[in-house]
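Okay, here's what each chain looks like letter by letter:
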Amino acid sequence: MTRICPPSLTAFPDGLTASLPIAMGYFPIAFSFGVAATRAGFSAGEAFALSLIIYAGASQFLALALLTSGAPVLISAFTLIAMNLRHVLYGPALMRAAGNEASTRRAWIWAFGLTDEVFGQALGALARGQPFSEPYMFGLGLGAYASWLAGTAAGAIAGGGALDGWPAVNAGLGFMLPALFLALLLSILTRAAVPVIAVAGLATVAGTLAISATSGILLGMVAGAITGVLRR
Amino acid sequence: MNWDLLAVALLAGVANWAFRVLPTMARTDRLAPGGRLERFLAATGPAAIATLFVASVLPAVTIDVAGLLPFAIGTLAVCAVWVARRSVVGATLAGAVLHGVSVWALG
């Protein structure tokens, strides 16, 4: 599959627009992180620095737990690094779908934004026939990153309980990411992908219930990908 | 500034950058066209999205039984809008809105 990227002035704004559901889903999660960080005794600046530098939700929450429990710096860092190892697969999987002609000249900047959700959204766009474009990837990643940083700052400044009076809004925002993943799953659904999806889902449930949520995610991805290798 | 926090953030952040950027720039997907690596990478996308969906809904369906109905309504809304409009953004927003409205309606 080869798609050459046509020069397009709308690619960057298109990417920003596509980041909207991710940004709306990220904001409350990052908000919660900002609240949790200040409750754990860190300053708003320190909470913001964690989001700015690490930019990986689950491992940021884990960083708070490790740092407040007094875990050594290297142990904490390697735990977080192990947690994000799955991201190694995203770039190659995305570029395979983008085709051989797709440019990665500016990937040193936009690929930092390849979070779980950005990867899923980009892959879904390619599956729907949209050509790969670095400005689109930059817009998509920037919208999500900006929302993550803004949410962290707002949460750290507002403190706890800001959304407690708005349970329906809180619930709707909390459902944003599951809804996005489901929509993306529907957008890439093919007969050939069904066994991969089924095995990945079952392995995730088994791994999460038997070990931990992080292990479940890693196990699900690897089990699904191996299913794809075994099917001809 | 807490220097332990900064050191952990920098180590984890640099590793994150390397995990996301280096395999992308190295185009490791070109290493074995048609081979097992290519099939592995092709399956990684659907597997990752399925995994992330299951991981994101598991807490809702295993911890909060009272949240099952809003969850079901939100899920049906996503599916219905996707079938009708083939829009990821529209389906996502519809699912979130109906989930929030059902939480409000059910008290």
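These numbers were taken from a predicted model, which means no experiment stands behind them.

Cut-offs and rules
- Residues numbered from 1 in each chain as written.
- Chains lettered and ligands numbered in written order.
- Predicted model: local features only at pLDDT ≥ 70, side-chain atom pairs only at ≥ 80, totals over all residues.
- Heavy atoms only, no water.
- Helix = DSSP H or I, 4+ residues; strand = E, 2+ residues; numbered from the N terminus.
- Rg over C-alpha atoms; globule rule 2.2 N^0.38 Å.
- Buried < 20%, exposed > 50% of the residue type's maximum accessible area, 1.4 Å probe, protein only.
- Areas by Shrake-Rupley, 256 points an atom, 1.4 Å probe, with all protein chains shown as cover.
- Lys, Arg positive; Asp, Glu negative; His and termini not counted.
- Charge placed at Lys NZ, Arg CZ, Asp CG, Glu CD.
- Domains from an automatic or database assignment.
- Buried area = accessible area lost by both parts, 1.4 Å probe.
- Salt bridge = Lys/Arg side-chain N within 4 Å of Asp/Glu carboxyl O.
- Phe/Tyr/Trp six-rings, centres within 6.5 Å; stacked < 30°, edge-to-face > 60°.
- Core = buried A, V, L, I, M, F, W, Y, C linked by side-chain atoms within 4.5 Å.
- Contact = heavy atoms within 4.5 Å.
- pLDDT = per-residue confidence, 0-100.

Visitor: Quick one: what's the story with the overall build of chain B, residue by residue and with numbers?
Guide: Along chain B, the regular secondary structure elements total four helices and zero strands. Helices and strands appear in chain B in the N-to-C order α-α-α-α. Rg of the C-alpha trace for chain B: 20 Å, well past the compact-globule value of 13 Å for 107 residues, more than 25% over. When its C-alpha atoms are laid out on the principal axes, chain B stretches across 50 × 50 × 25 Å. Relative to its full complement of 107 residues, chain B shows a buried share of 46%. Carbon and sulfur atoms form 72% of the exposed surface of chain B, whose accessible area is close to 5100 Å². Within chain B, the 4 negative side-chain charges are centred at a point lying 14 Å from the centre of the 7 positive side-chain charges.

Visitor: If you had to explain the domain arrangement of chain A to someone new, which residues and values would you point to?
Guide: Residue and element names in this part refer to chain A. Examined at the domain level, chain A breaks down into domain 1 (11-189) and domain 2 (191-232). Between domain 1 and domain 2, the C-alpha centre-to-centre distance is 22 Å. Taking both partners together, domain 1 and domain 2 bury about 610 Å²; carbon and sulfur atoms supply 85% of that area. Remark: the boundary between domain 1 and domain 2 carries zero salt bridges.

Visitor: So what's going on with the packing of aromatic side chains? Residues and values would help.
Guide: Residue and element names in this part refer to chain A. The final tally for this structure, using the stated rule, is nine aromatic pairs over all chains. When the ring of Phe-27 is compared with that of Phe-31, the centres are 6.4 Å apart and the planes differ by 35 degrees; the resulting orientation is tilted. Taken together, the residues Phe-27 and Phe-31, both in helix H2 (residues 20-39) and four residues apart, mark about one turn of the helix. By relative accessible area, Phe-27 is classed as partly exposed at 33%.

Visitor: Could you give an account of the side chain of Glu-117 of chain A, with specific residues and numbers?
Guide: By the element assignment, Glu-117 of chain A lies in helix H8 (residues 116-127). Judged by its relative accessible area of 10%, Glu-117 of chain A falls in the buried class.

Visitor: Report on unusual backbone geometry, specifying residues and quantitative values.
Guide: Residues apart from glycine generally show negative phi values, whereas peptide bonds are mostly found in trans. Positioned with a positive phi, Tyr-55 of chain A is a non-glycine residue whose angle comes to about 50 degrees. Topologically, Tyr-55 of chain A is positioned in the loop between helix H3 (44-53) and helix H4 (57-68).

Visitor: Can you break down the pattern of salt bridges residue by residue, with the values?
Guide: Residues and elements named next belong to chain A. Considering all chains together, one arrives at one salt bridge over all chains under this definition. Arg-106 is the partner of Glu-134 in a salt bridge, and the nearest nitrogen-oxygen pair spans 3.7 Å. Placement of Glu-134 in helix H9 (residues 134-158) and of Arg-106 in the loop between helix H6 (90-98) and helix H7 (107-110) is noted, with a sequence separation of 28 residues between them. Taking the relative accessible area as the measure of exposure, Arg-106 reaches 42% and is therefore partly exposed.

Visitor: Tell me about the nonpolar core, residues and numbers included.
Guide: Formed by 64 residues in total, the largest nonpolar core has its most connected members in Leu-94, Trp-110, Leu-114, Phe-119, Phe-132 and Met-137 of chain A. It is helix H2 (residues 36-62) of chain B that contributes the most residues to this core, 10 residues altogether. When residues of this core are assigned to domains, at least three map to each of domain 1 (11-189) and domain 2 (191-232) of chain A. Apart from residues no more than four positions distant in its own chain, Trp-110 of chain A is found in contact with Leu-94, Met-95, Phe-132, Glu-134, Met-137 and Phe-138 of chain A together with Thr-24 of chain B.

Visitor: So what about the confidence of the model for chain A? Which residues, and what values?
Guide: Chain-level statistics for chain A give a pLDDT mean of 85 and a share of 94% at 70 or above. Segment residues 1-5 of chain A: pLDDT under 50, and 17 contacts once partners within four positions in sequence are set aside and those in other chains are kept.

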